[in-house]
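Here are the chains, one letter per residue:
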Amino acid sequence: MSGLTRRQFISVMLSASGALVVGVRSALAAIAPQVPMDLLGEALTSLGAFVRVERNNRIVIGARGCEIGQGVITSLPMLIAEELDADWNRVRVEQLPYGYEIGPDGPTNRYGPQGAGGSTSITDGWKDLRQAGAVARWLLVEAAAQHWQLPHERLDTEAGHVVHPDGTRLPYAELVERAAGILPPAEPVPLKKPEQFRVIGKPARTVDARAIVTGRATFGIDSYLGGALVAVMKRCPHLDGSVESVDDAETRQVAGVRDVFVIDGPVPGSSFDTNLAAGVAVVADNTWAALKGRNALKVNWKPGPWAEESSARLEAQAAEALKGDGVVVRVDGDMAAARKTAKRTLEARYQVPFLAHATMEPPHALIKLEPDRALFIGALQNPDGASRVIADLTGLPREKIEIRMTRAGGGFGRRLENDFVAEAVMIAKKAGKPIKLFWTRDDDLTHDFYRPYGLHQLSATVDRKNQVTGFAHLCAATSLNYRIARKKERPPGAGCLEADDFPAGLVPNLDKRFFSLESGLPRGPWRAPLHTFHAFAVQSFIDEIAVETKQDAVELRLKLLGEARELDYAGHGGPKFDTGRLAAVLTRCAEAIDWKHRRTDGRGVGIACHFTFGGYAAHAFEVSVEGRDLRIHRAVCVVDVGRVVNPLGVDAMMVGGTIDGISTALNLAITLKDGQVQQSSFGDYPVGRMAQMPNEVEVIVLPSEREPSGAGEIGIPSVAPALANAIYAATTVRVRKLPILPELSRRL
Amino acid sequence: MPQANAKVDKEAAAAPAAPAPIELTINGETFRHTGAPDMPLLWYLRDVLRLTGSKFGCGVGQCGACTVHVGGKAQRSCLVPMSALSGQAVTTIEGLASGDDLHAVQQAWIEEDVPQCGYCQAGQIMAAVDLLKRKAQPSDADIGQLTNLCRCGTYPRIRKAVKRAAQLMADAKAAEAKAADTKAHAHDGKSGEARS
């Protein structure tokens, strides 16, 4: 723990407006008390200002995260407000910018972790943001103690006031100036006990609600800068292709078009550290002029090394790959021996397609470059990466790059990549002007970092007592381990197969192997990356085993999970997987959907469960198929994400995850032909509409005293298999290929 | 914010032979567009007037993120060229509330905590206002006719919010009728008494 040696002190500054600014920042000051790192968490060594108390006793709390719809602009400030004992109804939240700075120990982020990925915001904030709130409260109480000449311990706080033992209340605002002169405590401040919570666990609506419903919330695309020109790109449709020739004569005739130039793509095979594809940039006075100019371009493209690639070829490649040995991901016992002694061996293959993220707000970037500094405004999930990309391309030191995050019109993993930031910088350098880079929907669907494609071959050995004795999961896929930016080490099956996922550790013989497929299509994380990717196969197959061995599908899963215990889980979301918590969500879900009740009216019920990023979820659907129409009569989602910070937020994530899961499972696939993505609009990439969706998602959140885990991704992985299992129950058609509707239509 | 438009409009593309100006009303204010007549309303609102509540989602009328009202009816502003708007009255999400008083649909959206990312919600609200004008008490099937896309999956909360808005509007109407009734009977004390 190198951090233990770092010196810290908590700075309390009186800002120009007379507001109290409380934060925690690193410094070389000799008087700095040492704070145990393990108690404060890594981030606190570099936290900046989070709390401001205004003269009217309104408390302003900084929100450090990237708001992509997962609700962190509300939930993270709630953590601070709780320990600060602020009146949540009087709190105003402000989005914080990216907090890179050079501290005494080198580069650091004054706000701690700011990215949005892997469902970690709440777990991170639970450690450090509560402490930040508690320190601010301590200072205010100390100020009151000095004012009243009373021991600190005799004072209490409530809703933005320090309370005297006789009941007299002093608003925080009146303690501001005195608090500014007080040295913060040397030790971490004790945090509240859960029974003292007044904010955590209470439903809170999104703090931006009024701005959103009045059209005043600012997204990346809503950002403008004086002097900025709008840029659009015509990108090469061929994977790793390039520009052979451009005829821009007509484009230059379009009123408002200022410039046209070629932007090179990354060298084929090189890591994706900058932009994604070669193309022609059109720079204009406004968006419409830029789009008209782009339409008038005549470009000859040179197809790259992937000109022959197609989805059909990839499918054939996957089938062929599975004949090989693959790379071992996890092996327990002896699966080959289990096959020999088994009463039966069951096998099935499942296929999952490439997916685009299709955020409602397409990628967008506003950048202003100056000789000694840069300003970026936009919707991000990974501001740290954006800062690096801008620094790489401009040569500017990162502390000279200002990054302001706006709300993002969806993320789903798309904005973990910063190719669009790089592209804007490249265009701005050539144009010599600030650039507002606009992507259209077809740009977005044809140039993405797609969720991997894969073929799963599953086998299970069953003994005479119908016990599952062995389980093999062979996965042939285009992993995320492809042209990784900045040479991050990733295992071969990254984003496709996790060693310790269900049913690892629950069967004596296990054989999990990965078979890498070649594809020129860029890949990236897509909401609950490998979990949406493989839970469909595993949880569908468990259902098939139950059907084949005439066992109840819920009881089979419970039997496999066995008694409640913790198993090691090395992947993200570990270090432990609790079989009892998964059994509990499954059992509750079965009750809620009335699992035992046999449907006789053409309806079928399907169920599935999964563990993702520290959370546990089960889904059940009741469906019927009338003609070729699938109707979803009921949708139940049961979840355990530990202690709930914002119940309205968790409910939103489960409703949204379930609907996203249905929409994606039913309809969505990205396919390739002649080395080009074939989908380019919501017509051929049909994100689900209201009429296709269940009217309601019945969400049940299991009460828990455990540490909270994130909720943004756990709501989706068990959707597709539960839906496919329900369709089987209703129709006896087993859908083993996503998306469901085209496959169902083919099979009926 | 919208203002007398002559100055703001300089930013719009000026065609070589200046086209005839197009005069229209947006949120109750008159504007004169002198730029490209084929510019879709969406880009006039966003790039020229900086009314950015109406969003770009697809540009081809599929997603509804850009929904506004033209002549009181929901339209996808990415598909409506400025040349079609001469003399028309446009309402955008920014013009839906009366001052600080939110429209019932906006109020219901807040009360049901509908938005997740929030990007599509201005369009959803404008579409819902249009639906409620046509169907004061919409059924589930009526609400299912809303074709605006939401990538976050807020549809179930949108359903609840539309129903809540219908109730809020019905309540407001009843209160208005009652107020009018009371006022009418204030001239006739006896009948007022008899009623109570």
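Quantities reported herein were computed from a predicted structural model and do not represent experimental measurements. (Residues numbered from 1 in each chain as written. Chains lettered and ligands numbered in written order. Predicted model: local features only at pLDDT ≥ 70, side-chain atom pairs only at ≥ 80, totals over all residues.)

Digging into the domain arrangement of chain A
Residues and elements named next belong to chain A.
Then, in step 1: Splitting chain A by domain gives domain 1 (2–213), domain 2 (220–305 + 363–438) and domain 3 (311–355 + 449–747).
Then, in step 2: Here the C-alpha centroids of domain 1 and domain 3 sit 40 Å apart.
Then, in step 3: Every contact between the two is made by 19 residues of domain 1 and, on the other side, 19 residues of domain 3.
Then, in step 4: At the level of secondary structure, the elements contributing two or more residues to the side of domain 1 that touches domain 3 comprise α2 (72–84) and α3 (121–148).
Then, in step 5: Considering only residue class, the side of domain 1 that touches domain 3 consists of seven nonpolar, 11 polar and one charged. (Domains from an automatic or database assignment. Contact = placed C-beta atoms within 7 Å. Helix = DSSP H or I, 4+ residues; strand = E, 2+ residues; numbered from the N terminus. Nonpolar A, V, L, I, M, F, W, Y, C, P; charged D, E, K, R; others polar.)

Quick look at the interface of chain A and chain B
Then, in step 1: Facing 53 residues of chain A, the contacting portion of chain B comprises 54 residues.
Then, in step 2: Of all elements in the fold, only α5 (209–213), α7 (287–295) and α16 (647–667) of chain A reach the threshold of two or more residues within the side of chain A that touches chain B.
Then, in step 3: Take the side of chain A that touches chain B: its biggest share by element is eight residues, from α16 of chain A.

Overview of unusual backbone geometry
Residues and elements named next belong to chain A.
Then, in step 1: With an omega of 5°, the peptide bond between F502 and P503 qualifies as cis.
Then, in step 2: Looking at the element boundaries, P503 is found in the loop between β25 (468–477) and β26 (509–516).
Then, in step 3: The peptide bond linking L738 to P739 adopts the cis configuration, its omega dihedral lying at 0°.
Then, in step 4: Checked against the element boundaries, P739 lands in the loop between α17 (719–731) and α18 (740–747).
Then, in step 5: Within the chain, A358 stands out as a residue other than glycine whose phi angle is a positive 50°.
Then, in step 6: For A358, the location among the structural elements is in the loop between β19 (344–352) and β20 (364–370).
Then, in step 7: In the Ramachandran plot, F613 falls in the positive-phi region, its phi being about 50° despite a non-glycine side chain.
Then, in step 8: Counting through the fold element by element, F613 comes out in the loop between β29 (603–612) and β30 (615–626).
Then, in step 9: Here F613 falls in the buried class, since 23 other C-beta atoms lie within 10 Å of it. (Buried ≥ 20, exposed ≤ 12 C-beta atoms within 10 Å, placed from the backbone.)

Section: the environment of E153 of chain A
Then, in step 1: Take E153 of chain A: it is sitting in the loop between α3 and β10 (156–158).
Then, in step 2: Spatially, the C-alpha atom of E153 of chain A lies 61 Å from that of L474 of chain A, the residues being 321 residues apart in sequence.

Considering the packing of helix α13 (residues 529–548) of chain A against α17 of chain A
Residue and element names in this part refer to chain A.
Then, in step 1: Close contact between α13 and α17 brings their axes to 8 Å; oriented N to C, the two are set at 35°. For the pair α13 and α17, the sense of crossing is right-handed. Counting all contacts with α13, which are made through A535, F536, Q539, S540 and D543, the residues of α17 involved are A720, P721, A724, N725 and Y728.
Then, in step 2: Considered class by class, the residues forming the contact of α13 with α17 number six nonpolar, three polar and one charged. (Axes fitted to C-alpha atoms, helices over the stretch in contact; angles between N-to-C directions. Left-handed = near helix turned anticlockwise from the far one by under 90°.)

Some thoughts on the sheet that holds strand β13 (residues 229–235) of chain A
Strand pairing in a sheet takes place through backbone hydrogen bonds and is either antiparallel or parallel in direction.
Residues and elements named next belong to chain A.
Then, in step 1: With respect to topology, seven strands assemble into an open sheet ordered β15-β16-β13-β23-β20-β21-β22, the strand pairing being mixed. The outermost strands of the open sheet, each flanked by one partner alone, are β15 (257–263) and β22 (401–405). The mean angle between the axes of side-by-side strands here comes to 20°, regardless of whether they run parallel or antiparallel.
Then, in step 2: As defined by bridge partners, β20 adjoins strand β21 (residues 373–378) across five bridges and the pair is classed as antiparallel. (Pairing = 2+ DSSP bridges.)

With respect to helix α10 (residues 383–394) of chain A
Residue and element names in this part refer to chain A.
Then, in step 1: Here α10 contains 12 residues, and its C-alpha end-to-end distance of 16 Å stays within 8% of the 16 Å for a straight helix at 1.5 Å per residue.
Then, in step 2: For α10, the complete set of buried residues consists of P383, G385, A386, S387, V389, I390 and L393.
Then, in step 3: If you follow the buried residues of α10, they end up packed against β8 (100–103), β21, β22 and α11 (419–431).
Then, in step 4: Just past α10, the residue G395 takes up positive phi, approximately 80°. (Expected span 1.5 Å × (residues − 1).)

Some points on the pairing of strand β3 (residues 67–70) of chain B
All names here are of chain B.
Then, in step 1: In terms of strand pairing, β3 meets strand β4 (residues 73–76) through four bridges, oriented antiparallel. Bridging from a neighbouring strand, T67 pairs with R76 of β4.
Then, in step 2: The loop that links β3 with its antiparallel partner β4 comprises two residues; one of these, G71, has a positive phi angle of about 60°.
Then, in step 3: Alignment of β3 against strand β5 (residues 89–91), held across two bridges, turns out to be antiparallel. The residue of β5 that forms the bridge with V70 is V90.

Concerning the packing of α10 of chain A against α11 of chain A
All names here are of chain A.
Then, in step 1: One way to put it is that α10 packs onto α11 with a least axis distance of 9 Å and a crossing angle of 30°. Regarding the angle of α10 to α11, the classification is roughly parallel. For the crossing formed where α10 meets α11, the hand is right-handed. Facing A386, V389, I390, L393 and T394 of α10, the residues of α11 in contact are V421, A422, V425 and M426.
Then, in step 2: Partitioning the contact of α10 with α11 into residue classes produces eight nonpolar, one polar and no charged. (Parallel < 35°, antiparallel > 145°, perpendicular 65-115°, else oblique.)

Points about the domain arrangement of chain B
Residues and elements named next belong to chain B.
Then, in step 1: Split into domains, chain B comes out as domain 1 (1–95) and domain 2 (97–196).
Then, in step 2: Between domain 1 and domain 2, the contact holds 14 residues from the first and 11 residues from the second.
Then, in step 3: If you list the elements that add at least two residues to the side of domain 1 that touches domain 2, you get β3 and β4.
Then, in step 4: Here the residues of the side of domain 1 that touches domain 2 are counted per class, giving six nonpolar, six polar and two charged.

A few points about the nonpolar core
All names here are of chain A.
Then, in step 1: Ranked by internal contacts, the top residues of the largest apolar core, which has 288 residues, are A231, F376, V585, I607 and L723.
Then, in step 2: A total of 13 residues in this core trace back to one element, the largest contributor, which is α3.
Then, in step 3: Once residues lying within four places of it in the same chain are set aside, the contact partners of L723 are G606, F621, I662, A665 and I740. (Core = buried A, V, L, I, M, F, W, Y, C linked by C-beta atoms within 7 Å.)

Looking at the sheet that holds strand β1 (residues 22–26) of chain B
All names here are of chain B.
Then, in step 1: With mixed pairing, five strands are arranged side by side in an open sheet as β2-β1-β5-β3-β4. Strands at the two margins of the open sheet, each flanked by one partner only, are β2 (29–33) and β4. Each adjacent strand pair in this sheet contributes to an overall mean axis angle of 40°, direction not counted.
Then, in step 2: Set on the sheet, helix α4 (residues 121–134) makes contact with β3 and β4; between it and β3 the angle comes to about 40°.

Observations concerning α11 of chain A
All names here are of chain A.
Then, in step 1: An ideal rise of 1.5 Å per residue puts 18 Å on 13 residues; α11 measures up with 18 Å between its terminal C-alpha atoms.
Then, in step 2: Counting buried positions along α11 gives 10 out of 13 residues, so the element sits mostly inside the fold.
Then, in step 3: Along α11, the residues classified as buried are D419, F420, V421, A422, E423, A424, V425, M426, I427 and A428.
Then, in step 4: The positive-phi residue at the C-terminal boundary of α11 is G432, with phi of around 65°.

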